[in-house]
Amino acid sequence: MRNILKSFLINAVALYVLTVIVPAFRVSGGLNSFLTAGATLTVLNILVKPILNLLLLPINLLTLGFFRWASSVLIIWMLSKLTPGFIITNYSFAGFSYEGMIVPAIQFNVLWTLIIGSFMMSIITTLLDWVVNE
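Note on numbering: residues in each chain are counted from 1, in written sequence order. Confidence filtering applies because this is a predicted model: local features only for residues at pLDDT of at least 70, side-chain atom pairs given and counted only at 80 or more, and all residues used for totals across whole chains, interfaces and linings. Note: side-chain values were computed over all heavy atoms of the structure, leaving out hydrogens and water.

Participant: Explain the environment of phenylalanine 86 here, please?
Facilitator: Mapped onto the secondary structure, phenylalanine 86 falls in strand β2 (residues 86–88). Among all residues touching phenylalanine 86, those that are not within four sequence positions of it are Leu15, Phe25, Arg26, Val27, Ile76, Leu79 and Ser80. Helix and strand assignments follow DSSP, with helices taken as H or I runs no shorter than four residues and strands as E runs no shorter than two, numbered in order from the N terminus. Contacts are assigned to residue pairs that have any heavy atoms within 4.5 Å of one another.

Given below as structure tokens:
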């Protein structure tokens with residue numbers, strides 16, 4: 001029970017950090033929506049993600065684990081469909097330049113936004129889990 005509660009809190013905080021970092025992820029409704037989205041994400045990670053990993057196992061074995069990100073993308077997509085206040089839109093990166101290095105502006109559609117968000121969510125939850133366990 002303690003691990004589920006810890007996972008719930010980490011997921012809720014990670015969703016908040018994700019919405020701050022990537023503006024294409026929006027949670028409307030305040031704290032209640034973040035808690036609902038965190039609870040839904042925890043349930044999806046506990047119940048659905050192992051089944052998805054099992055279904056994607058042949059592709060994962062062929063790509064030597066490189067395709068593992070697909071289950072995280074599907075989980076976040078399911079979260080957006082199951083949680084009414086959680087919205088994912090297209091992402092426009094404005095670009096930047098720093099001392100001669102120029103990164104141009106890029107427009108990402110929803111699929112690429114999901115992939116980027118999944119990657120960022122993985123990093124954030126790993127860091128939060130590391131901080132909590134220390």
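Participant: Looking at this structure, how should I read the side chain of serine 118?
Facilitator: Within the fold, serine 118 resides in helix α5 (residues 110–133). Overall, the relative accessible area of 5% leaves serine 118 in the buried class. Excluding its chain neighbours within four sequence positions, the residues that come into contact with serine 118 are Trp69, Ser72, Val73 and Ile76. Each residue's exposure class comes from its accessible area (1.4 Å probe, protein chains only) as a fraction of the maximum for that residue type: buried when under 20%, exposed when over 50%, partly exposed otherwise.

Participant: Whenever I open this one, the packing of aromatic side chains confuses me. Can you help?
Facilitator: To describe a pair of aromatic rings, one takes the distance between the centres and the angle between the planes. Planes of paired rings set the category: under 30 degrees apart is stacked, over 60 is edge-to-face and the rest tilted, where pairs are Phe, Tyr or Trp rings (Trp by its six-membered ring) whose centres lie within 6.5 Å. For the coordinates displayed, the defined rule picks out five aromatic pairs. Measuring from centroid to centroid gives 6.0 Å for tyrosine 91 and phenylalanine 108, while their planes differ by 10 degrees, and the two rings are stacked. Within this pair, whereas tyrosine 91 is found in strand β3 (residues 91–93), its partner phenylalanine 108 is found in strand β6 (residues 106–108), the two being separated by 17 residues in sequence.

Participant: Is there a simple way to think about the nonpolar core in this case?
Facilitator: A general tendency of soluble globular proteins is for nonpolar side chains to be buried together. Ranked by internal contacts, the top residues of the largest apolar core, which has 24 residues, are Leu15, Phe25, Ile76, Leu79, Phe86 and Met121. Elements with a contribution of two residues or more to this core: α1 (2–21), β1 (25–27), α2 (31–55), α4 (69–82), β2 and α5. The leading source of residues in this core is α2, at five residues. When sequence neighbours within four positions are dropped, the list of residues in contact with methionine 121 reads Asn11, Ala14, Leu15, Leu18, Leu41 and Ile76. In this text, buried Ala, Val, Leu, Ile, Met, Phe, Trp, Tyr and Cys residues form a nonpolar core when linked through side-chain atoms within 4.5 Å.

Participant: When you look at the packing of α4 against α5 in this model, what are you seeing that I'm missing?
Facilitator: For any two helices packed against each other, the geometry comes down to the angle between their axes and how far apart the axes lie. The interhelical angle for the contact between α4 and α5, taken along N-to-C directions, is 105 degrees, at an axis separation of 9 Å. Between α4 and α5, the angle is such that the two are roughly perpendicular. Residues Trp69, Ser72, Val73, Ile76 and Trp77 of α4 touch α5, and the partners they reach there are Leu114, Ile115, Gly117, Ser118 and Met121. Any residue outside Ala, Val, Leu, Ile, Met, Phe, Trp, Tyr, Cys, Pro, Asp, Glu, Lys and Arg is labelled polar, Gly included; the first ten of those are nonpolar and the last four are charged. For the contact of α4 with α5, the per-class residue count stands at seven nonpolar, three polar and no charged. To obtain an axis, a line is fitted to C-alpha atoms, over the contacting stretch when the element is a helix, and the angle between two such axes runs from 0 to 180 degrees between their N-to-C directions. Any angle from 65 to 115 degrees is called roughly perpendicular, while one under 35 is roughly parallel, one over 145 is roughly antiparallel, and all others are oblique.

Participant: What am I meant to see in the pattern of salt bridges here?
Facilitator: Pairing between side chains of opposite charge can happen when the charged atoms of each approach one another. Within this document, salt bridges are pairs made up of a side-chain nitrogen of Lys or Arg and a carboxyl oxygen of Asp or Glu, the two lying within 4 Å of each other. What the rule picks out here adds up to one salt bridge. With its nearest N and O atoms 3.7 Å apart, the salt bridge here joins aspartate 129 to lysine 6. Placement of aspartate 129 in helix α5 and of lysine 6 in helix α1 is noted, with a sequence separation of 123 residues between them.

Participant: Honestly, the side chain of asparagine 11 in this entry has me stumped. Any pointers?
Facilitator: Summarising the element assignment, asparagine 11 is placed in helix α1. Ignoring any residue separated from it by four or fewer positions in sequence, one finds asparagine 11 in contact with Gly38, Leu41, Thr42, Asn45, Met121 and Thr125.

Participant: What is the right way to look at the environment of leucine 44 in this model?
Facilitator: For leucine 44, the location among the structural elements is in helix α2. Measuring from C-alpha to C-alpha, the distance between leucine 44 and alanine 24 comes to 21 Å, with 20 residues separating the pair along the chain. With residues near it in sequence (within four places) discarded, leucine 44 still touches Lys49, Ile75, Met78, Leu79 and Leu82.

Participant: What am I meant to see in α2 here?
Facilitator: For the α-helix, the turn length of 3.6 residues means that residues three or four positions removed from each other point alike. Relative to the 36 Å expected for 25 residues at 1.5 Å per residue, α2 spans 34 Å between its end C-alpha atoms, a close match to the ideal helical length. For a residue, the bend is simply the angle between two axes, fitted respectively to the seven-residue segment ending there and the seven-residue segment starting there. Maximal helix bending in α2 amounts to about 45 degrees, located at valine 48; proline proline 50 follows within four positions. Buried within α2 we find Ser33, Phe34, Ala37, Gly38, Thr40, Leu41, Thr42, Leu44, Leu52 and Asn53. The inward-facing, buried residues of α2 abut α1, β1, α3 (57–62), α4 and α5. Expected helix span is computed as 1.5 Å times (number of residues minus one).

Coordinates in, geometry out; function isn't part of it.
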